[in-house]
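# An overview of the molecular structure
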Amino acid sequence: MRLHIIGICGTFMGSLALLARELGHEVSGSDANVYPPMSTQLAEAGITLMEGYREANLAANIDLVVVGNALSRGNPEVEALLNSGMRYTSGAQWLADYVLPGRKVIAVAGTHGKTTTASLLAWLLESAGLAPGFLIGGVPRNFGISARLGGADAPFVVEADEYDTAFFDKRSKFVHYRPNIAVMNNLEFDHADIFPDLAAIERQFHHLVRIVPSQGHLLVADQQPALERVLSMGAWSPVAYFGTDEGSQWQLRLERADASRFQVLFIGDQGEEDGVVEWSLTGEHNARNALAALAAARLCGVNLARACAALARFKTPRRRQEIRGEVNGIQVIDDFAHHPTAIAATLQGLRAATTKGRLLAVIEPRSNTMRLGALRERLNDSVAEADAVFWFQPEGVAWSMESLVKEQGERAALFSDIDALVDAVVMQASPLDRIVVMSNGGFEAVHERLLEALTKREQTK
């Protein structure tokens, strides 16, 4: 089959392209901007890339067009597609039709932690010799790729996004996946561009619950009122809770404040099992992600003690507390945090692990929810653990960030020029400090700029 993917350079659509090539299909694709690292991955896989959206991209011999959810009516290639009468589908539907049938599907859902939890789970299954397939909205560094088919009969781990599917299918992507196991990590308001309120997202999560078979499993985080409301609408599968509550089937007990070592307790029908995890990650949120992955792995037959040991060899996915470099004892850390809760969790974890030096936060509120200002009243508290905060106001932010910065006093500053921001951070940074950059976009390569500026400062001393 010859496939053409519109919007191919996004993580999800690019991963679909790699799976399609692995299945033996001929693949081409277009995007507004074709750039590394995704463009490099795709070109190395033999996929033809076209920069810009236009009618000429739709060759007559294409069998099926896969449309990314970033595309909308009015896009010239979308309009040409509709006028042509060619067959088309969404990315989520293509995955459901051509990859997932016959597989044991594990869907990892939640407002936060999907990429990390899915990466953890894929690694646990891999360590146990199960050769899982996966599609993850990031690049798990234990694998170096964002998607693969895995063994024909192996489990398939999919990051299950609640964002809508396509301009012609406004359901959440995850309802297409029909999982045997659904992990629900947490649930808060997000995606203010498509959801009017939290109740609308809860309804979509219940659509996910509805399609898990009665012989399947729901793994649900405790202490999550929104998830409790979801389950109150009805649940037809066995439910196991994980978290810190004493009544949960899977329990987390921190042995270090920074969560770099913790105990896991599983209370099953055959009695109790426990294990200890000691790893390189920090933050209770990451320990909870690991607990969810351990619970899902056990449902796939993975021994708990073996799984706990495997976590010591887990590497964070790219852009999840990823150390991008160090100059004269100053670390530059990249994190995807795109929501006040995620910002707070990242900073709390790093604060607990920072015994010397300061924590300098560099934040770009770039997600659609943040640009619209739907959660701006929570941003002040989200950075409480930072010693200094450098806010960057990108184009398209629909609210003034000046009042936010004013509330934080002298420790905060606002920038709209990336060079001025880099200069200010470098001027403040001292040995043993950690600079954590938080954005869900490219942030104008600020990580590399910071490292270059720090290096230049050292060379001119």
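Each remark here, short or long, concerns the structure printed above.
Attention here is on the structure that accompanies the text. Quick caveat, the model's predicted, so the values are computed rather than measured.

### Here's the deal with the sheet that holds strand β18 (residues 322-327)
On the basis of which strands lie adjacent, the open sheet formed by 6 strands has the order β18-β19-β23-β20-β21-β22 and mixed pairing. In this open sheet, the two edge strands, each paired with only one partner strand, are β18 and β22 (412-415). Each adjacent strand pair in this sheet contributes to an overall mean axis angle of 20°, direction not counted. Sheet topology note: the strand β19 (residues 330-335)/strand β23 (residues 434-438) ladder contains 5 bridges and is parallel. Bridge assignment links Val-332 to a residue of β23, and that residue is Ile-435.

### Topic: helix α8 (residues 284-299)
Taking 1.5 Å of rise per residue, the 16 residues of α8 would be expected to cover 22 Å, and the 23 Å separating its terminal C-alpha atoms lies within 8% of that figure. The buried fraction of α8 amounts to 12 of the 16 residues, a majority that puts the element mostly inside the structure. Of the positions making up α8, those classed as buried are Asn-286, Ala-287, Arg-288, Asn-289, Ala-290, Leu-291, Ala-292, Ala-293, Leu-294, Ala-295, Ala-296 and Ala-297. Just past α8, the residue Gly-301 takes up positive phi, approximately 95°.

### Quick word on the nonpolar core
Residues Leu-95, Ile-106, Tyr-177, Phe-205, Trp-250, Trp-279 and Leu-294 are the most contacted members of the largest nonpolar core, which totals 95 residues. The element contributing the most residues to this core is α8, with 9 residues. Residues Phe-390, Ile-418, Leu-421 and Val-425 belong to the second largest nonpolar core, which totals 23 residues.

### Concerning the side chain of Asp-164
Within the secondary structure layout, Asp-164 lies in strand β10 (residues 164-166). Given a relative accessible area of 6%, Asp-164 falls into the buried group. There is a polar contact of 2.7 Å between the side chain of Asp-164 and the side chain of Lys-170. Beyond its immediate stretch of four places on either side in the chain, Asp-164 contacts Asn-69, Asp-169, Lys-170, Arg-171, Ser-172, Lys-173 and Ile-194.

### Some remarks on the pattern of salt bridges
Per the counting criterion, the structure on display carries 18 salt bridges. The partner of Asp-169 in a salt bridge is Arg-171, with the nearest N and O atoms 2.9 Å apart. What makes Asp-169 buried here is its relative accessible area of 11%. With its nearest N and O atoms 2.7 Å apart, the salt bridge here joins Glu-202 to Arg-229. One end of the pair, Glu-202, is in helix α6 (residues 198-210); the other, Arg-229, is in helix α7 (residues 225-232), with 27 residues separating them in the sequence. The buried category is assigned to Glu-202, whose relative accessible area is 5%. Connected via shared salt-bridge partners are Glu-255, Arg-256, Arg-261 and Glu-278.

### With respect to the packing of aromatic side chains
Centre distance and the angle of the planes are the two values used to describe a pair of aromatic rings. Inspection of the entire model under this criterion finds 9 aromatic pairs. When the centroid spacing of 5.4 Å and the interplanar angle of 25° are considered together, the rings of Trp-94 and Tyr-98 count as stacked. Linking Trp-94 with Tyr-98, this pair stays in helix α4 (residues 91-98), spanning 4 residues, or about one helical turn. Given the relative accessible area of 2%, Trp-94 is considered buried. Each member of the aromatic cluster is reached from another via a ring pair, and the members are Tyr-88, Phe-167 and Phe-168.

Conventions and cut-offs
Residues numbered from 1 in each chain as written. Predicted model: local features only at pLDDT ≥ 70, side-chain atom pairs only at ≥ 80, totals over all residues. Heavy atoms only, no water. Pairing = 2+ DSSP bridges. Helix = DSSP H or I, 4+ residues; strand = E, 2+ residues; numbered from the N terminus. Axes fitted to C-alpha atoms, helices over the stretch in contact; angles between N-to-C directions. Expected span 1.5 Å × (residues − 1). Buried < 20%, exposed > 50% of the residue type's maximum accessible area, 1.4 Å probe, protein only. Core = buried A, V, L, I, M, F, W, Y, C linked by side-chain atoms within 4.5 Å. Polar contact = N/O pair within 3.5 Å; in protein donor to acceptor, adjacent residues only side chain to side chain. Contact = heavy atoms within 4.5 Å. Salt bridge = Lys/Arg side-chain N within 4 Å of Asp/Glu carboxyl O. Phe/Tyr/Trp six-rings, centres within 6.5 Å; stacked < 30°, edge-to-face > 60°.

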